[in-house]
Amino acid sequence: MIRFTEHGLYCEAGDFHIDPWRPVRSAVITHAHSDHARPGHGHYLCARAGLSVLRSRLGAQTYEGADWSEPVYRNGVRISFHPSGHIIGAAQVRIEYRGEVWVVSGDYKTEDDGISGYFEPVKCHTFVTESTFGLPVYQWQPQTVVYDEIRNWVSAQLDQGRSAVLQAYSLGKSQRLLDALRPFDGRIFAHGAILQIQEALRADGHDFPQTKRLTEATPAEQRKACIFITPAPVETLKTSRLIGPWRSARCSGWMQVRGNRRREGGDKGFVLSDHADWAGLCAAVKATSAQRVFVTHGFQSVFSRYLNEIGLEAHEVQTGFGSEEETEVQTENAHPDA
Amino acid sequence: MSDILFDTSPLPLGSGADGFRRFARLISDLGNTGATREKTDLLADYFRSAPVRDQAWTLGLFTGRKLRRQIRTRQLAAWLSEWRGIPEWLFEESYHHVGDLAETLALLDASNGDGRPEGDLSYYMKMLHAMQEMSDEEKGVCIREAWSKMDGGQKFVFNKLLTGGFRVGVSAQLVIQALARVYDTEPAVIAHRISGDWDPATMDADAMLRGEGRSFDLSRPYPFFLAYPVEGEPGSLGHPSEWHAEWKWDGIRGQVILRSGTWSVWSRGEELMTEKFPEFESWRTSLPNGTVLDGEIMAMRDGRPLPFSVLQTRIGRTRLSARLLKEAPVGFMAFDLLEFGGEDLRTKTFLERRSILVDLISSVGHPGLQCSETVAFDDWGSLTLRRREARERGSEGLMIKRMNSVYQAGRRRGDWWKWKLEPMTVDAVMVYAQKGHGRRSNLYTDYTFALKDGDRLVVFAKAYSGLTDKEFREVDAFVKRNALEKFGPVRTVKPELVFEIAFEGISESRRHKAGIAVRFPRISRWRTDKGVDEIDTLDDLKRLLEHYGSAGNGSEETS
């Protein structure tokens, strides 16, 4: 029902592509990250919950939003969106045609982060899954534990008169950090890329702590011992000179591995991801009851081999998502929101 | 659940039961800071409050004491498969990705304890020692029991001790500085107190560090004084008349010690190597009691230095055959005298020490014990000219020492300088890549390079250093896109990236595919301007070998 073409995942019966990486006439979009939602398509169909963020990223395009589970038909193909828990508004796409059901996961995480919607297991015959963290060394701690660690670290920095810089992807991780840092409302500054997203979310009715722009005009007593959230390494920003002494921490699933933490983590690395860990991937596949699984971006060879060994029919697929096998930290084409 | 993060609740002081926790916490904290001052603080705090019997172990581990590996990797993989349902191939994939065995095990074993293992470091070290006598099954019980109480970070440290790969980003020098602060004395004093051979299982570290309790050990070496490289030209050092120059030799830095009939040979890594060099027996009897010589252990025939590659054939051999002793004879190139007639000479000037040394060596009069030759010069310009002779003599360059300087401990700026030759270079293409370890685990940073030989490529050197972090990331990305085949952790790579490889020495070798071994190869730059058809050939390398390779035999008598 879906073919893997050079433009992306193509549904011939419905004549649409899902998250295409080359311009097409009709695109169905799982979520607004740049490797899934690219500019230049004729028509964009996505979950209504993800519309405002998508619009803020891609500007003027032809959009159509659908509520969760609301069917949309294309030439008799039934399309519906189901929360993937990845970021706010991120969806899995369910496609049904003549009794056959496929689900394309986009990106997902199975733990409820409290703001992105709860990952909904959808029964299907064929499941297309991501595999960003498809190795058993990637097993996350519960969010409450990680949030406590982050808050404790931030408090410790502020108590010692230092600013706390958190480096995290602007769409997804930054919103979770804002959610975790509610007790610090009023002291939080953010990079411009984050402010733009926050504006779109606020207009959409989302409630987050206030995020302020940090400039030379910001009063000095507010700049010192503040919290600053940024997608770019702070030492590369002019802001680093405005916030007094600081310590930085990187928030990413890759921080699980010590080598990455020491190389990329700044002063501290927090293991916080918007993707499913190994157990999450295994559980998600099982919950779909799918007999056939296509494994895309991440550790697709490892994860598909494992699925084959536990009795499923699994195949690896090369896509334009994330990067190739062993998507890793900070290579130019690495999955940015990991 | 198995993230390597430590619990951060405060630790109670003084009790021994939390000793392991405290040690694991120290390792984690040291890893979380790059600042030398903070590291010293952490170490000082640890030594002030750690259980006494843990201090000796910590000291031993931090100053490079080697651990024996207790378990085969295959056995560990089998247990993970049995205990956690992780197939062995998946363990292998995980290990390749993480790049560190101990960490992989800690991450894969998802059974997180409460992070309060009962017992101190000393307890676990005893457990590891006891494992030598255990069956694999018994070892498994021990490991599982230990893991069940530990959090991810503690498990990581335990596994490091278990797999014998314990290394932290802390130099012995830093530990010595921290201890000097704790015991309120000079770093050089601490360095000497902890030098030599002692057993952490029985040593009272506190007494040792206070300079008590340990009878004066006859074998104990002095802390080595290490030189800094000259930056640019030596002209900035001041007036040439204040300086002494000699050839720099490539061997193993060592001290030979004779006290009350006890004879010992130490390497700079504080490894006792007495047994490895039986030929020293023939001249040591001519030394007076109470002598400590500092110098270079080198391959040497009839008083003439041989290339380092000859010495390499002997290092690591446990049994020295008569043939090996004949093919690779070893001698000692002395360049300093630290103790004479039982008197510590380190506070005398270099010139005074040197003059006693020269007399001593000539009175021994044995070709296996040489004194490094003085290089005379009137001004820095003439020294620059003389340095050019170094390669022909089989030397690495020059040592420049301040005549009125005392013998210090550790690497110090100011009195001893090394001025090495510019390295030789060739342009080569990368053909294999492998992931690095530690800070570079998870990145392809270890490369193998090849030269052209007709239509073929011939592998000639491996190199791990010389690129910036950014360049390593770019090469890493290239490897991932262009890997052709997998051989365990090694990837063959499309031969496309060209690098200039620098090295210090060159010699014939039967153990290398190219028939040539190069010394200290490293990447000097990435030749993004060159393609694979422009690299150097094996013949180019052979020409370098002809010119410089037989160097060892060109040296003059030096005594």
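All values derive from a computational prediction rather than experimental measurement.

Each value, and the rule that gives it
- Residues numbered from 1 in each chain as written.
- Chains lettered and ligands numbered in written order.
- Predicted model: local features only at pLDDT ≥ 70, side-chain atom pairs only at ≥ 80, totals over all residues.
- Helix = DSSP H or I, 4+ residues; strand = E, 2+ residues; numbered from the N terminus.
- Rg over C-alpha atoms; globule rule 2.2 N^0.38 Å.
- Buried ≥ 20, exposed ≤ 12 C-beta atoms within 10 Å, placed from the backbone.
- Contact = placed C-beta atoms within 7 Å.
- Pairing = 2+ DSSP bridges.
- Domains from an automatic or database assignment.
- Nonpolar A, V, L, I, M, F, W, Y, C, P; charged D, E, K, R; others polar.
- Axes fitted to C-alpha atoms, helices over the stretch in contact; angles between N-to-C directions.
- Parallel < 35°, antiparallel > 145°, perpendicular 65-115°, else oblique.
- Expected span 1.5 Å × (residues − 1).
- Arc of directions from axis to C-beta.
- Right-handed = clockwise from strand over helix to strand, strands pointing away.
- pLDDT = per-residue confidence, 0-100.

(A) Inspection of the overall build of chain B at higher detail. Scanning chain B for helices and strands turns up 20 helices and 22 strands. A globule of 559 residues ought to have a C-alpha radius of gyration of about 24 Å, and chain B, at 26 Å, matches this closely. Taking the principal axes of its C-alpha atoms as reference, chain B extends roughly 70 × 65 × 50 Å. Out of the 559 residues belonging to chain B, those deemed buried represent 43%. Considering only residue pairs separated by 6 or more positions, chain B has 73% of its internal contacts joining residues 24 or more positions apart.

(B) Local environment of the overall build of chain A. Counting its secondary structure elements, chain A contains 8 helices and 18 strands. Relative to a compact globule of 338 residues, whose C-alpha radius of gyration would be 20 Å, chain A shows 20 Å and is just as compact. Considered along the principal axes of its C-alpha atoms, chain A spans approximately 65 × 45 × 30 Å. Taking all 338 residues of chain A together, 53% fall into the buried category. Expressed as a percentage of contacts within chain A between residues at least 6 apart in sequence, the contacts between residues at least 24 apart total 57%.

(C) Main features of the sheet that holds strand β2 (residues 228-229) of chain B. Residue and element names in this part refer to chain B. Spatial strand order, β2-β13-β11-β3: 4 strands in an open sheet with mixed pairing. A strand with exactly one partner marks an edge of an open sheet, and here the two such strands are β2 and β3 (243-248). Where strand β11 (residues 397-402) and strand β13 (residues 416-420) come together, 5 bridges link them in antiparallel fashion. Bridging across to β13, Gly397 finds its partner in Lys420.

(D) The environment of B:Ala201, seen in detail. In this structure, B:Ala201 sits in the loop between α11 (187-193) and α12 (205-210). With 13 C-beta atoms packed within 10 Å, B:Ala201 lands in the partly exposed category.

(E) Looking closely at the domain arrangement of chain B. Residue and element names in this part refer to chain B. For chain B, the domain assignment lists domain 1 (1-217), domain 2 (225-420) and domain 3 (424-549). Taken together, the contacts link 5 residues of domain 1 with 6 residues of domain 3. Here the side of domain 1 that touches domain 3 is built from residues that sort into 1 nonpolar, 3 polar and 1 charged.

(F) Structural context of the packing of helix α3 (residues 52-62) of chain B against helix α7 (residues 121-131) of chain B. All names here are of chain B. Contact geometry of α3 with α7 gives a least axis separation of 8 Å together with a crossing angle of 60°. With respect to α7, the element α3 is oriented oblique. On α7, the residues touching Arg53, Asp54, Trp57 and Thr58 of α3 are Leu121, Ser122 and Met125. Looking at the contact of α3 with α7 residue by residue, the class counts come to 3 nonpolar, 2 polar and 2 charged.

(G) A look at helix α3 (residues 173-180) of chain A. Residues and elements named next belong to chain A. Across the 8 residues of α3, 7 count as buried, placing the element largely inside the fold. Inspection of α3 places Lys173, Ser174, Gln175, Arg176, Leu177, Leu178 and Ala180 among the buried residues, and these make up the whole buried set. Among the structural elements, α2 (143-159), β12 (163-167), β13 (188-190), α4 (192-203), β14 (227-230) and β15 (246-251) are those in contact with the buried residues of α3.

(H) View of unusual backbone geometry. For A:Ser69, which is not glycine, the phi torsion reads 70° and is therefore positive. Since 13 C-beta atoms lie within 10 Å of it, A:Ser69 is described here as partly exposed. Non-glycine residue B:Asp302 carries a positive phi angle of around 50°. Its place among the elements puts B:Asp302 in the loop between β6 (291-301) and β7 (304-305).

(I) Expanded view of the domain arrangement of chain A. All names here are of chain A. Along its sequence, chain A is organised into domain 1 (2-138 + 274-316) and domain 2 (143-270). For domain 1 and domain 2, the distance between their C-alpha centroids amounts to 29 Å. Residue composition of the side of domain 1 that touches domain 2, by class: 8 nonpolar, 6 polar and 3 charged.

(J) Region of the structure containing the environment of B:Leu128. Residue and element names in this part refer to chain B. Within the secondary structure, Leu128 sits in helix α7. Residue Leu128 is classed as buried on the basis of its 21 C-beta neighbours within 10 Å. As for Leu128 and Trp79, which are separated by 49 residues in sequence, their C-alpha atoms are 18 Å apart.

(K) View of the sheet that holds strand β11 (residues 126-131) of chain A. All names here are of chain A. Pairing is mixed in the open sheet, where 7 strands are placed in the order β7-β8-β9-β10-β11-β17-β18. Of all the strands in the sheet, just β7 (72-74) and β18 (313-316) have a single pairing partner and so form its edges. When strand polarity is set aside, the average angle formed by the axes of neighbouring strands in this sheet is 25°. In terms of strand pairing, β11 meets strand β17 (residues 292-298) through 5 bridges, oriented parallel. Following the sheet pairing, Val128 is matched in β17 by Phe294.

(L) Representation of helix α8 (residues 136-149) of chain B in the model. Residues and elements named next belong to chain B. The terminal C-alpha atoms of α8, which comprises 14 residues, lie 21 Å apart, in line with the 20 Å expected from a rise of 1.5 Å per residue. Among the residues making up α8, those that are buried are Lys139, Ile143, Ala146, Trp147 and Lys149. All buried residues of α8 project into a common sector of 165° when viewed along the axis, lining one side. Every exposed residue of α8 that faces more than 90 degrees away from the buried side is listed here: Glu137, Glu138, Val141 and Glu145. Next to the buried residues of α8 lie α7 and α9 (152-162).

(M) Main features of the pairing of β18(A). All names here are of chain A. As paired strands, β17 and β18 are joined by 4 bridges and run parallel to one another. Residue pairing for β18: Phe294 is matched across the bridge by His315. On the question of chirality, the crossover connecting β17 to the parallel β18 by way of helix α8 (residues 300-309) is right-handed.

(N) Representation of the confidence of the model for chain B. Residues and elements named next belong to chain B. This prediction gives chain B a mean pLDDT of 85; 93% of its residues lie at or above 70. Note that residues 1-15 has pLDDT below 50 and, in this model, 38 contacts with residues that lie over four places away or in other chains. When the criterion is pLDDT under 50, residues 550-559 qualifies, and its contacts beyond four places in sequence or with other chains add up to 28 contacts. If you check the scores for this complex, the pTM reads 0.71 and the ipTM reads 0.90.

(O) Structural detail: the environment of B:Glu534. Residues and elements named next belong to chain B. With respect to the helices and strands, the residue Glu534 is situated in the loop between β22 (522-526) and α20 (538-548). By C-beta crowding, Glu534 is classed as exposed, having 12 other C-beta atoms within 10 Å. Each C-alpha atom of the pair Glu534 and Glu396 lies 29 Å from the other, and the pair is 138 residues apart in sequence. In this view, Glu534 contacts Asp427 and Val498; residues no more than four positions away in its chain are not counted.

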